[in-house]
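Fold and contact review
Listed below, chain by chain, are the residues.
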Amino acid sequence: MNSKNLLTQISDLELALNNFSFEELSTEEAGRLKRSFDHFKNELETKIWGHEPNPPESEEVSSKNSESHLIAKVSHEVRTPLNGIMGFADLLKEGDLNPAQEEQVNAIMSASRSLLEIINELLEYSKLEAGSEEFKVVSFNFHNLITEVAYLCETLIVDKKITLEVKTDPNIPNFLLGDPSKLTQVLLNLLGNAIKFSDKGKVVLESNLKKIEKGQAYLQFGITDTGIGIPGEDLDHIFDAFRQAGQHTFSKYGGAGLGLSIVKQIVDRLGGTISVQSKVNEGTKFDMTLAFEVGKEEKFKEAEAEKKPEKDIRTLNVLVFEDNPLNQWLIRKRLRNWGCTHFVTEHAVEGLKILEQENIHVVFMDLHMPVVDGYEITRRIRASEDPRISSVPVIALTADFSVHDREKAEAGGIDDFILKPFTPEELLDKLMEYGFPESAKPSSMANTPSVENSIHTRENSFRIDLSGMLEDCMGEVDMLEELITLFKGNVLEFIGRAKMHLKNRDEEQLRFAAHKMKSGLAMVQADNLLILLKQIQDHCINDPDFDRMQYLYDRFVKEYPMVEFAIDSELTRLKRENS
């Protein structure tokens, strides 16, 4: 046997052993096996090539790499069934539940979200430990970033008597070069901890310019809270992985104990420093220094320029009923960028009071909210004796809008709707249309294009953008590819099941199959197919016309290959950009 064939077989054996190790052995056993095999392989290469092999990895490094690989693998494996649990819990919530069942489903969702947060932290930790986390250098607006971080943190202050104070040095340059996502991640983690561990008092974020030297802006950050504090004996290991300040902290607040370890590693990779001071029952302060290259304002302004509306949208007063904190932040940010005076609430009483006190021009209404839903709030608006309030335009914000929903909305006095997720252009169009009615064409629910007609307006648009999904996958293209593979399998399963249910004329099972498929289509933003499924689902509920449903199913089967091609093309692009 020649040397080349022997080394090829050794490489194949190494691959097989690696697969066996991570499937069958503990981390310690896998580490010992790898070190033994590496020693054997190095001795063999010395005999063949006649030179000393590269020094083997130390036991500590090898163990750390094995641990990171194992954490990443386990995290990936847990994420898939967890997504299934959350999906079915969402499905259960849409059923007819009694109060006890609803409480139990909400508990499942809460526990699932907590577990997902831990999994994301584990993935982030493993990538940082392995040195595979990417750090970008782009131009960003520092002051806007601080404002957005503050708005996000305000959504975390629920049922707590604390205030968030932000103090930003005006001398800090507007535009810096660095990784804004990593800076945001660090600040959100530190501020999130400060809010979590404080029940009263205040949380303060300070940003100061220490100096500008050789084109570098040296910044000093301080995050201070009046929370429970950290015992002195725990301060020395507060940045260690899987460590928290005592068992009481874990039992009350949960978590994996990775947040501050991730923060420390990111700060180190950015070339900065971080330290902590704390007193029990008085509070904690984190001090952090980072340096960024000063950016150029002109280029960034061009990249950030947005479409300017023809009318002065800054004159509009907008009221938004929305209970989801992330959606609240997104619509707040958009309205703030446009200069609108805006009010965002999830409470019916508070929103109706705002309508009485402010001259509101447009109301955006989330239809599905706890306590009082959007339909009931709209009925109360229309029942007002004040004509200014009773005639205000109400635009529904909803992820699902069937014919039945349309009829219910019309009866309740809702003027129009926007399907989630919506684009800034869609939001702006509705603002212009209803905020300036004297110059806009007449519009109502009656002349809004139906879901069926929307098929024809979009049937030639098969562009898919998976960037958002890639962000949800922590920037890991492999994980994104795994999700897409699962999605394709689900589509094929739906096609097979739907064909059988149509043949058996079983509208209940067909509706269930369509509902299960909707979240996946929404995830990849396959709007054409999603609209077809909504129509099938609506027919199953209100009008079991199997000839019509067969037609919609045939359209789905015909259009899916084009959507799959668009998904594959987008995935190829993302692979190329992230290789």
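Structural notes, computed from the coordinates. (Residues numbered from 1 in each chain as written. Predicted model: local features only at pLDDT ≥ 70, side-chain atom pairs only at ≥ 80, totals over all residues. Heavy atoms only, no water.)

Observations concerning the pairing of strand β11 (residues 394-398)
Burial of β11 is extensive: five of the five residues sit out of reach of the surface. Neither face of β11 is open: one carries Val 394, Ala 396 and Thr 398, the other Ile 395 and Leu 397, and all of them are buried. In the sheet, strand β10 (residues 362-366) pairs with β11 via four bridges, with the strands oriented parallel. From the neighbouring strand, Met 365 faces β11, where its bridge partner is Ala 396. (Buried < 20%, exposed > 50% of the residue type's maximum accessible area, 1.4 Å probe, protein only. Helix = DSSP H or I, 4+ residues; strand = E, 2+ residues; numbered from the N terminus. Pairing = 2+ DSSP bridges.)

Details of the packing of helix α19 (residues 477-504) against helix α20 (residues 507-523)
For the pair α19 and α20, the least separation of the axes is 9 Å and the interaxial angle reads 160 degrees. Here α20 runs roughly antiparallel to α19, going by the angle between their axes. Like other packed secondary-structure pairs, α19 and α20 cross with a definite hand, here left-handed. Each of Phe 487, Asn 490, Val 491, Phe 494, Ala 498, His 501 and Leu 502 in α19 lies in contact with α20, whose residues at this interface are Gln 509, Leu 510, Ala 513, Ala 514, Met 517, Gly 520 and Leu 521. Looking at the contact of α19 with α20, its residues break down into 10 nonpolar, four polar and no charged. (Axes fitted to C-alpha atoms, helices over the stretch in contact; angles between N-to-C directions. Parallel < 35°, antiparallel > 145°, perpendicular 65-115°, else oblique. Left-handed = near helix turned anticlockwise from the far one by under 90°. Contact = heavy atoms within 4.5 Å. Nonpolar A, V, L, I, M, F, W, Y, C, P; charged D, E, K, R; others polar.)

Some words on the sheet that holds strand β12 (residues 416-419)
Where strands meet in a sheet, backbone hydrogen bonds hold them as pairs that are either parallel or antiparallel. Taken in spatial order, the five strands make up an open sheet running β9-β8-β10-β11-β12, and their pairing is parallel. Both edges of this open sheet fall to β9 (341-345) and β12, since each of them pairs with a single strand only. Across this sheet, the average inter-strand angle for adjacent strands is 20 degrees, counted without regard to direction. Contacts from helix α16 (residues 424-435) reach β8 (317-321), β10, β11 and β12 within the one sheet, and its direction differs from that of β12 by about 170 degrees.

A word on the environment of Ile 238
Relative to the helices and strands, Ile 238 is located in the loop between α7 (232-235) and α8 (247-253). By relative accessible area, Ile 238 is classed as buried at 8%. For the pair Ile 238 and Lys 264, spaced 26 residues apart in the sequence, the C-alpha separation amounts to 9.9 Å.

Brief notes about helix α13 (residues 374-382)
Considered for burial, the residues of α13 that qualify are Gly 374, Tyr 375, Ile 377, Thr 378 and Ile 381. Around the axis of α13, the buried residues are gathered within 165 degrees of arc, so they sit on the same side. (Arc of directions from axis to C-beta.)

Things to note about the pattern of salt bridges
The full count for this structure, using the stated rule, is 16 salt bridges. As a salt-bridge pair, Lys 202 and Glu 165 come within 3.8 Å of each other at their nearest N and O atoms. With Lys 202 in strand β4 (residues 200-213) and Glu 165 in strand β2 (residues 161-168), this pair connects stretches of sequence that are 37 residues apart. Exposure remark for Glu 165: the relative accessible area of 25% places this residue in the partly exposed category. When the shortest N-O distance is used, the salt bridge between Glu 570 and Arg 573 registers 2.7 Å. On the criterion of helical spacing, the pair formed by Glu 570 and Arg 573 is a turn pair, its members being three residues apart in helix α22 (residues 546-577). Through salt bridges with shared partners, a single ionic network connects Glu 376, Arg 379 and Arg 380. (Salt bridge = Lys/Arg side-chain N within 4 Å of Asp/Glu carboxyl O.)

Here's the deal with helix α21 (residues 527-542)
Here α21 is 16 residues long and its end C-alpha atoms lie 22 Å apart, about the 22 Å a rise of 1.5 Å per residue gives. Extensive coverage of α21 is indicated by the burial of 13 of its 16 residues. (Expected span 1.5 Å × (residues − 1).)

A short note on unusual backbone geometry
At Arg 505, a residue that is not glycine, the phi angle is positive and equals roughly 55 degrees. By secondary structure assignment, the location of Arg 505 is in the loop between α19 and α20. The phi torsion at Gln 525 lies on the positive side, around 60 degrees, for a residue other than glycine. By the secondary structure assignment, Gln 525 is in the loop between α20 and α21.

Notes on the packing of α21 against α22
Where α21 meets α22, the axes come as close as 9 Å, and the angle between the chain directions of the two elements is 160 degrees. Regarding the angle of α21 to α22, the classification is roughly antiparallel. For α21 against α22, the interelement crossing comes out left-handed. In this structure, α21 uses Asn 528, Leu 529, Leu 532, Leu 533, Gln 535, Ile 536, His 539 and Cys 540 to contact α22, whose residues at the interface are Arg 548, Met 549, Leu 552, Tyr 553, Arg 555, Phe 556, Glu 559, Tyr 560 and Val 563. Grouping the constituent residues of the contact of α21 with α22 by class yields 11 nonpolar, three polar and three charged.

Regarding the side chain of Asp 179
Relative to the assigned elements, Asp 179 resides in the loop between β3 (175-178) and α6 (180-196). The side chain of Asp 179 sits in the buried core without any salt bridge; Lys 182 is the nearest counter-charge, 4.2 Å away. For Asp 179, the side chain forms a polar contact with the side chain of Ser 181, separated by 2.6 Å. (Lys, Arg positive; Asp, Glu negative; His and termini not counted. Polar contact = N/O pair within 3.5 Å; in protein donor to acceptor, adjacent residues only side chain to side chain.)

Here's the deal with the pairing of β3
Bridge count for strand β1 (residues 138-141) against β3 is four bridges, and the pairing is antiparallel. The partner of Asn 141 across the bridge, within β3, is Phe 175. Where β3 meets strand β7 (residues 283-294), two bridges bridge the pair, whose relative direction is antiparallel. Across the sheet, the residue bridging to Leu 177 is Glu 293, located in β7.

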